[in-house]
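# Survey of secondary and tertiary structure
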Amino acid sequence: METRLLRAPWLRGAGELLVDVFPLGIDVENFRAFAQSQGSQEALQEFRQEYSRRKLLIGIDPLDYAKGIPHRVRGFGEFLKRFPEFRSCATLIQVAFPASDETNSCTDIQSEIESLCGALNGDIGELNWAPVRYIHRTLSAARNLPDSIKQRRLRS
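It should be emphasised that the depicted structure is a prediction, and the values quoted were computed from it without experimental measurement.

Moving on, we get to the sheet that holds strand β5 (residues 132-136). Taken together, the 3 strands give an open sheet; going across it, the order is β3-β4-β5, and neighbouring strands pair in parallel fashion. Only two strands of the sheet have a single neighbouring strand rather than two, namely β3 (55-62) and β5. Each adjacent strand pair in this sheet contributes to an overall mean axis angle of 10 degrees, direction not counted. Examined bridge by bridge, β3 and strand β4 (residues 90-97) share 8 bridges and lie parallel to one another. Residue pairing in the sheet places G59 in a bridge with Q94 of β4.

Structure representation (structure tokens):
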């Protein structure tokens, strides 16, 4: 991975934005092995075909308030509302799998996320583009993710 310099004309007062990777508390080798597995590579090829014309933001998290999924959806929606030129260019794919200690709060957050995604897709989506693709179920890929990926917190 390498540092990238992005032009950011939409940020007032900043012409350039430095983007880098800062892995915090993850097992990089475990993540790399997962990313290079046959199943991951096949899924990647399918994603590339389907989303070749869009930028993807991908979140794979347990259904837990500490993960900040509602904040992520609201933030993405606010970004698209402020900068409509990015509509149809980006999609948030959010996978939320059941937390290991499912409680009633999981039902609450699931309803909140579904409501937010539905409202955002209904407000600014198009027939050929939905801003958010929300998936709530246990996926084999999500089950096999390294624990380090599953442990991201809202305030890491």
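For the protein chain, the mean per-residue pLDDT works out to 77, and 67% of the residues sit at or above 70. Across residues 146-152 the pLDDT falls below 50, and counting only partners more than four positions away or on other chains, this stretch makes 20 contacts in the model.

Summed over all chains, the structure comprises 3 salt bridges. Among the salt bridges present, the one from R82 reaches E78, with a minimum N-O distance of 3.1 Å. Highlighted residues: R82 and E78, both in helix α3 (residues 69-82), separated by 4 residues, approximately one helical turn. With a relative accessible area of 59%, R82 lands in the exposed category.

So, on to the nonpolar core. Across soluble globular proteins, nonpolar side chains have a tendency to be buried as a group. In this structure, L63, F76, I113, V132 and Y134 are the most contacted members of the largest nonpolar core, which totals 18 residues. For this core, the secondary-structure elements that each account for two or more residues are α3, β4, α4 (104-124) and β5. Apart from residues lying up to four places away in sequence, L63 is in contact with A96, F97, A99, C106, I109, Q110, I113, Y134 and H136.

Here we take up unusual backbone geometry. Residues other than glycine seldom take positive phi values, yet S88 does so here, at roughly 70 degrees. Along the chain, the position of S88 falls in the loop between α3 and β4.

Calculation criteria
Residues numbered from 1 in each chain as written. Predicted model: local features only at pLDDT ≥ 70, side-chain atom pairs only at ≥ 80, totals over all residues. Heavy atoms only, no water. Pairing = 2+ DSSP bridges. Helix = DSSP H or I, 4+ residues; strand = E, 2+ residues; numbered from the N terminus. Axes fitted to C-alpha atoms, helices over the stretch in contact; angles between N-to-C directions. pLDDT = per-residue confidence, 0-100. Contact = heavy atoms within 4.5 Å. Salt bridge = Lys/Arg side-chain N within 4 Å of Asp/Glu carboxyl O. Buried < 20%, exposed > 50% of the residue type's maximum accessible area, 1.4 Å probe, protein only. Core = buried A, V, L, I, M, F, W, Y, C linked by side-chain atoms within 4.5 Å.

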